[in-house]
Amino acid sequence: MVDAEKPVEALTLEEAADELRRLAATIAHHDVLYHQNDAPEISDADYDALRLRNKAIEQRFPELVLTDGPSTRVGAAPSAGFAKVTHSRPMLSLDNAFTDEDVREFCRSVRNYLKRDFDADPALTLDLVAEPKIDGLSCALRYEHGRFVQGATRGDGTTGEDVTANCRTVAGIPLHLTGSGYPALLEVRGEVYMARDAFFKLNQERSAAGEPVFANPRNAAAGSLRQLDPAITAKRPLAFFAYAIGETDGSVGITHFEMLENFGKWGFQVNPLDQLCPDEDATLAFYAEVGRRRASLPYDIDGVVYKVNRFDWQRRLGMVARAPRWAIAHKFPAEQARTVLREIKIQVGRTGALTPVAELQPVTVGGVVVSRATLHNEDEIARKDVRPGDTVIVQRAGDVIPQVVSVVLEARPADSQPYVFPDHCPECGSLAIREPGEVVKRCTGGLICPAQAVERLRHFVSRDAFDIEGLGAKHIKALFDDHLVRSPVDIFSLQKKHHENLRMREGWGALSLRNLYQAIEQRRTMALDRFIYALGIRQVGQATSKLLARHYGDVNAWRQAMIDAADRAGDAWADLDNISQIGESVATDLVAFFAEPHNITV
């Protein structure tokens, strides 16, 4: 495994190829969690760092760029639960700027691309529209002769989810356009979001009803819009800001700012803070002012977007890979707060990874109450010398997952002792080991470890695996604890063996059970790539699962090949190792999975 901290300029060609494959799989995994499941595992800042490293490696080794790598991909594939909508024009992502100099470099690159215009007229200015970057869910709205006919999520940028019925319930999405002058065909793009006050109220109601609360307004908005039942969406306090154009058969203006003004006349809500700026100095001043006002705004933002104002220039600038050349997102640094770390707890994941979590004295960070934060791994705890009882600085990086940034040493208790990371699993007592080149310790208990078993079952029924509607995380845990479902096999015998038990359980009515049984029946036939992904093999994400499915064709051929590949001198190992984008590390994990007799039995 390549050391992720190794400077890009020091990577060999082989190391770079291996890391690009690893980054592609990791980024794809987090894209699915964010765009499909509305349940990110890492912060925006950590995600941005993955993409920046991927970009740096691609720039140094352009011959290694993957055809389906992160630089050519936007978002994640749409969920299987919605009808699909193919966007007439791709819904692109944006490149990011993190410093003022990044913004100035963006402006220099735009001027260089449009050099002849500026050479011909030295008095010409690079007008930019600055817009607060709303933290919500991107949506495309289609109108025909002023009537709303279709709403779709961004999805993977090419294909999204049809959420038309849900969009009809959202404030700020007009069902009929007002005024005059709008094109007969008009596709308006923008962001569905939830205001902070509405978010807090919704969470209070869910908590009182015993329902799980949302982590932040972005997750609440995305989860609310992507409900299969529009009646649920209608009860959620969603709103919409319009900020872009998709397909159209007429004019919406000659500049971006004129288009925003027209949107307002036609009945859309446009962010009142949007501002036309004559150059980068004005945009940076706007960024600073919005940053100062950020905490008092009624909605969450994570930066400011700058867009070239003139449409003719936007068309000439075009796009590169997954993003337009004429726009960039200037991200805010993470918000921070100070609190006390009460305890360090260890969570055990699906692959046995032991992850330390800080239990905090609750504190408000960026408008959200934080009581837990990730400590990442053993090395991070040692590097920061984090100890129970410490006063710590906590940040919501990217406003998603809180993390401990540093320790306030002058406030450390006199009797403080360094934290000793456990060498045994807290769930099953099995030895926890750290393999060479790994940053995490893993429980060696495998399927005898209840924590791993539950997480594997949750993964098995998740949206991108078997996608069994009605078996949520709480249900899986309860069924596992009551010994009704201990392995994936048990799911398919629930109706036959445990119908009476399920019928008597709280929350399981006749309709919900009928829907559950129907969902299970529909999954008795499964595409091979989804089946492989559902098994939860280490390092085998959706992209790798598709590669394996294409290469081996059917489950019996794949299973036998993985068993035979245990002989590293044999043809099966060589065949596996030679598959494009599957290196020795992934091949080793595949062979290890099939070396476990219980896995073959299941």
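Here the structure is a predicted model, which means the values were calculated and not measured. (Residues numbered from 1 in each chain as written. Predicted model: local features only at pLDDT ≥ 70, side-chain atom pairs only at ≥ 80, totals over all residues. Heavy atoms only, no water.)

On to the overall build of the protein, then. The number of helices and strands found in the protein is 23 helices and 20 strands. In terms of C-alpha radius of gyration, the protein reaches 26 Å, essentially the compact-globule figure of 25 Å for 602 residues. Dimensions of the protein along its principal axes, counting C-alpha atoms only, are 75 × 60 × 55 Å. Within the protein, buried positions represent 50% of all 602 residues. Put simply, of all contacts in the protein between residues at least 6 apart along the chain, 67% involve residues at least 24 apart. Summing over all exposed atoms, the protein offers an accessible surface of approximately 27700 Å²; the carbon and sulfur share of this is 52%. Averaging the coordinates of the 71 positive side-chain charges in the protein and doing the same for the 84 negative ones gives two points 4 Å apart. (Helix = DSSP H or I, 4+ residues; strand = E, 2+ residues; numbered from the N terminus. Rg over C-alpha atoms; globule rule 2.2 N^0.38 Å. Buried < 20%, exposed > 50% of the residue type's maximum accessible area, 1.4 Å probe, protein only. Contact = heavy atoms within 4.5 Å. Areas by Shrake-Rupley, 256 points an atom, 1.4 Å probe, with all protein chains shown as cover. Lys, Arg positive; Asp, Glu negative; His and termini not counted. Charge placed at Lys NZ, Arg CZ, Asp CG, Glu CD.)

Right, let's talk about the packing of aromatic side chains for a bit. In total, this model carries 17 aromatic pairs according to the counting rule given. Centroid distance tyrosine 193 to tyrosine 299: 5.8 Å. Interplanar angle 70°. Geometry classified as edge-to-face. With a gap of 106 residues between them, tyrosine 193 in strand β7 (residues 185-193) and tyrosine 299 in the loop between α10 (280-293) and β10 (301-308) connect regions that are remote in the sequence. Exposure class is identical for tyrosine 193 and tyrosine 299. Each is buried. Chaining the aromatic ring pairs together yields one cluster made of Tyr143, Phe148, Tyr182, Phe263, Trp266 and Phe268. Here the basic side chain of arginine 486 rests over the ring of phenylalanine 480, its NZ or CZ set 3.7 Å away from the ring centre. (Phe/Tyr/Trp six-rings, centres within 6.5 Å; stacked < 30°, edge-to-face > 60°. Lys NZ or Arg CZ within 6 Å of the ring centre and 35° of its normal.)

A cluster of acidic residues, Asp564, Asp567, Asp571 and Asp575, forms a negative patch at the surface. Its location among the elements puts aspartate 567 in the loop between α20 (555-564) and α21 (571-577). (Patch = residues over 30% accessible without salt bridge, like charges linked within 9 Å, V, L, I, M, F, W, Y side chains within 5 Å. Salt bridge = Lys/Arg side-chain N within 4 Å of Asp/Glu carboxyl O.)

A word on the pairing of strand β4 (residues 137-144). Of all 8 residues making up β4, 6 are buried, and the element is well covered by its neighbours. Two strands pair when backbone bridges link them, and β4 and strand β5 (residues 147-153) are joined in this way by 6 bridges, in the antiparallel orientation. Opposite alanine 140, over in β5, you have alanine 152 as the bridge partner. Hairpin connection of β4 to β5: 2 residues between the antiparallel strands, including histidine 145 at a positive phi of 55°. (Pairing = 2+ DSSP bridges.)

Further remarks concern the packing of helix α13 (residues 450-460) against helix α14 (residues 473-481). Here α13 crosses α14 at 135°, and the two axes come no closer than 10 Å. Here α14 runs oblique to α13, going by the angle between their axes. Relative to α14, α13 is oriented so that their crossing is right-handed. Along its contact with α13, which presents Pro450, Ala453, Val454, Leu457 and Arg458, the element α14 presents Ala473, Ile476, Lys477 and Phe480. Classifying every residue of the contact of α13 with α14 gives 7 nonpolar, no polar and 2 charged. (Axes fitted to C-alpha atoms, helices over the stretch in contact; angles between N-to-C directions. Parallel < 35°, antiparallel > 145°, perpendicular 65-115°, else oblique. Left-handed = near helix turned anticlockwise from the far one by under 90°. Nonpolar A, V, L, I, M, F, W, Y, C, P; charged D, E, K, R; others polar.)

Right, let's talk about the state of the cysteines for a bit. Taken as a whole and assessed by the stated rule, the structure comprises 0 disulfides. No disulfide involves cysteine 107; its sulfur sits 10 Å from that of cysteine 277, the nearest cysteine. (Disulfide = S-S within 2.5 Å.)

The subject of this paragraph is the packing of helix α16 (residues 494-503) against helix α17 (residues 510-522). Where α16 meets α17, the axes come as close as 12 Å, and the angle between the chain directions of the two elements is 160°. Here α17 runs roughly antiparallel to α16, going by the angle between their axes. Our pair here, α16 against α17, has a crossing hand that is right-handed. Along the contact surface, α16 presents Leu494, Gln495, His499, Leu502 and Arg503, while α17 presents Leu513, Tyr517 and Ile520. Its residues placed into classes, the contact of α16 with α17 shows 5 nonpolar, 2 polar and 1 charged.

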